[in-house]
Amino acid sequence: ERLDRFSKSPNYDFWAAENAAIRLADYYNTINKKEDVKRVILTYGEVLKTGVSIQPSAQVAIVWLTKLYRTYLHYNLKDEANEVSIEIRKLGAKANSELKTIEASVTIPTEKIEKFINALIDGDLKTALLRITVHYIPKKREVIKQIEDLKKEAPVQFLFTRLIKDNSGRTIATIGPLGEDFDGHVISQISQNMYYSSLFLRDTIAALVNKFNVDAKTITDYLYESPIFGEDRKELIEKGIEEYLNRDYVVALHILILQIEALIRNLIEKIGGSIFTQSKYGGFNYKTLDSMLWDENVKKVLG
């Protein structure tokens, strides 16, 4: 009765409705009344959807609907969850239009950048390539210290959940408060650092190519000193690097990203790990890049 009252109230107190619905659903679950579980959760869903319909902010509406989506899945209401996901997608573009751009600029003297790049490419080609690689690989310990320093300077930003969205407004990642999701903050900071450092990496590679007259074959031969590079993909890798050097980045990306995935697969095979998952048709699929990177053996090798 209380839940029904919330659903008919002009104030649409859906937080109270949620509290009542979850308690009732969990109770009905314990006494195996599945239909009553479905009834109270769907009633709560209607209350929340009513609140969404009068909510002027699409971003807030998406947060509420995402909560409903997870609730539906928790109580095995998959069809209803799919319907909610469609509504979330429709609100994505509007949510993007509500976002505001915040800009900041910093000036770095050209001579300082040139000095930095020249130090990286000093020496012979192999030394320069190794130095560039080591410098631009993210260092987890340094990132953790960076986060700790940022927390001291601006602690408030680490108290809230962050939603990372793509151009369509789809939430592609969620980062919880620092105390609950430290790894999420580390990954986010590494990603941000790589974004900024890529500007310098591009100029570093250009200076390297200019100094040593580097071509795609030279770089490919250097890479193939590693045993995880398969001969069957050498021509593709060289082609991808060639397109990068020609500044056809779209073609380079489409070639090279797949080769990186194959390299991780080769690494797992070399160290005796499994690269397959069972398919629903009885055969085997290759593991995804994400699942391979979480492989314990890979983590031992790569850190």
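Residues numbered from 1 in each chain as written. Predicted model: local features only at pLDDT ≥ 70, side-chain atom pairs only at ≥ 80, totals over all residues. Heavy atoms only, no water.

Colleague: It is not clear to me how the overall build of the protein should be interpreted in this structure. Could you clarify?
Modeller: The helix and strand inventory of the protein stands at 14 helices and 4 strands. For 303 residues, the compact-globule estimate of 2.2 N^0.38 gives 19 Å, and the protein exceeds it by more than 25% at 26 Å. Dimensions along the principal axes, computed over C-alpha positions, put the protein at roughly 80 × 55 × 35 Å. Across the 303 residues that make up the protein, the buried fraction comes to 30%. Carbon and sulfur atoms make up 55% of the accessible area of the protein, which amounts to about 20600 Å² in all. Separation between the mean location of the 42 positive side-chain charges and that of the 42 negative ones in the protein comes to 4 Å. (Helix = DSSP H or I, 4+ residues; strand = E, 2+ residues; numbered from the N terminus. Rg over C-alpha atoms; globule rule 2.2 N^0.38 Å. Buried < 20%, exposed > 50% of the residue type's maximum accessible area, 1.4 Å probe, protein only. Areas by Shrake-Rupley, 256 points an atom, 1.4 Å probe, with all protein chains shown as cover. Lys, Arg positive; Asp, Glu negative; His and termini not counted. Charge placed at Lys NZ, Arg CZ, Asp CG, Glu CD.)

Colleague: Could you clarify how one ought to interpret the nonpolar core in this entry?
Modeller: A general feature of soluble globular proteins is that nonpolar side chains tend to end up buried together. Membership of the largest hydrophobic core comes to 26 residues, with the highest contact counts inside it found for I41, L48, L65, L68 and Y72. Broken down by secondary-structure element, the contributors of at least two residues to this core are α2 (14-30), α3 (34-53), α4 (58-74) and α5 (78-98). Every residue in contact with I41, bar those within four places of it in the chain, is listed here: A21, I22, A25, T71, Y72, Y75 and L77. In this structure, I121, A128, Y136 and V214 belong to the second largest nonpolar core, which totals 16 residues. (Core = buried A, V, L, I, M, F, W, Y, C linked by side-chain atoms within 4.5 Å. Contact = heavy atoms within 4.5 Å.)

Colleague: Can you walk me through the layout of surface pockets in this structure?
Modeller: One number sums up the size of the second largest pocket: a volume of about 1600 Å³. As for the second largest pocket, its lining consists of 41 residues, and the residues nearest its centre are I102, S188, Q192, Y195 and Y196. Broken down by secondary-structure element, the contributors of at least two residues to the lining of the second largest pocket are α4, α8 (140-153), β1 (162-165), β2 (171-175) and α9 (182-212). A total of 13 residues in the lining of the second largest pocket trace back to one element, the largest contributor, which is α9. Residue composition of the lining of the second largest pocket, by class: 21 nonpolar, 13 polar and 7 charged. (1 Å grid on protein atoms, 1.4 Å probe; cavity = no way out; pocket = protein on both sides within 12 Å on 5 of 7 lines; lining within 4 Å. Points joined across faces, edges and corners; volume = space filled by probe spheres on them. Nonpolar A, V, L, I, M, F, W, Y, C, P; charged D, E, K, R; others polar.)

Colleague: Would you mind showing me how to read the pairing of β2 here?
Modeller: It is a general feature of regular strands that their side chains alternate between the two faces of the sheet. For β1 and β2, the ladder comprises 4 bridges, and the chain directions are antiparallel. Among the inter-strand pairings, K165 is bridged to a residue of β2, identified as T171. The antiparallel hairpin formed by β1 and β2 contains 5 residues in its connecting segment, where G169 sits at a positive phi of about 90 degrees. (Pairing = 2+ DSSP bridges.)

Colleague: Would you mind going over α2 with me for this structure?
Modeller: Helical geometry note: an α-helix holds 3.6 residues per turn, so side chains three or four residues apart project in the same direction. Here α2 spans 24 Å end to end across 17 residues, near enough to the 24 Å set by a 1.5 Å rise per residue. By the burial criterion, the buried members of α2 are F14, A16, A17, E18, A20, A21, A25 and Y28. (Expected span 1.5 Å × (residues − 1).)

Colleague: Explain the pattern of salt bridges here, please?
Modeller: As a working rule, side chains carrying opposite charge can pair if their charged atoms are close by. Counting across every chain of the model gives 13 salt bridges. The residue D203 makes a salt bridge to R202 at a minimum N-O spacing of 3.7 Å. Among the salt bridges present, the one from K217 reaches D221, with a minimum N-O distance of 2.8 Å. Taken together, the residues span about one helical turn, with K217 and D221 both in helix α10 (residues 216-223) at a distance of 4 residues. For D221, a relative accessible area of 31% gives the class partly exposed. (Salt bridge = Lys/Arg side-chain N within 4 Å of Asp/Glu carboxyl O.)

Colleague: Mind showing me how you'd approach the packing of α8 against α9 here?
Modeller: Packed helix pairs are characterised by how far apart their axes lie and by the angle those axes make with each other. Close contact between α8 and α9 brings their axes to 10 Å; oriented N to C, the two are set at 100 degrees. Taken together, the axes of α8 and α9 are roughly perpendicular relative to one another. In this structure, α8 contributes K140, V143, I144, Q146, I147 and L150 to the contact, and α9 contributes F182, H185, V186, Q189, I190 and N193. A class-by-class count of the residues in the contact of α8 with α9 yields 7 nonpolar, 4 polar and 1 charged. (Axes fitted to C-alpha atoms, helices over the stretch in contact; angles between N-to-C directions. Parallel < 35°, antiparallel > 145°, perpendicular 65-115°, else oblique.)

Colleague: Would you mind showing me how to read the packing of α2 against α4 here?
Modeller: It is the contact of α2 with α4, at a shortest axis distance of 13 Å, that shows an interaxial angle of 10 degrees. Our classification of the angle between α2 and α4 gives roughly parallel. On the side of α2, the interface is formed by F14, W15, E18 and I22, while α4 contributes W64, K67 and T71. Class assignment for the residues of the contact of α2 with α4 results in 4 nonpolar, 1 polar and 2 charged.

Colleague: Help me understand the environment of I228 in this model?
Modeller: In this fold, I228 is placed in the loop between α10 and α11 (234-245). Placed 35 residues apart in sequence, I228 and L263 show a C-alpha to C-alpha distance of 6.1 Å. Leave out the neighbours within four places in its chain, and I228 touches L263, N266, L267 and K270.

Colleague: Could you clarify how one ought to interpret the packing of aromatic side chains in this entry?
Modeller: In this description, a pair of aromatic rings is defined by centroid distance and the angle of the planes. Tallying each qualifying case throughout the model produces 7 aromatic pairs. Ring centres of Y195 and Y196 lie 5.5 Å apart, and the angle between their planes is 70 degrees; on these two criteria the pair is classed as edge-to-face. For Y195, a relative accessible area of 58% corresponds to the exposed category. A relative accessible area of 47% means that Y196 is categorised as partly exposed. With a centroid separation of 5.6 Å and an interplanar angle of 20 degrees, the aromatic rings of F276 and Y286 are classed as stacked. Here Y286 lies in strand β4 (residues 284-286) and F276 lies in strand β3 (residues 276-278), a separation of 10 residues in the sequence. Given the relative accessible area of 42%, F276 is considered partly exposed. Among the aromatic side chains, those forming a connected cluster through ring pairs are F276, F284 and Y286. If you follow K234 out to its NZ or CZ, it ends over the ring of Y224, 5.1 Å from the centre. For R265, the ring lying beneath its charged end belongs to Y286, and the centroid distance is 4.0 Å. (Phe/Tyr/Trp six-rings, centres within 6.5 Å; stacked < 30°, edge-to-face > 60°. Lys NZ or Arg CZ within 6 Å of the ring centre and 35° of its normal.)

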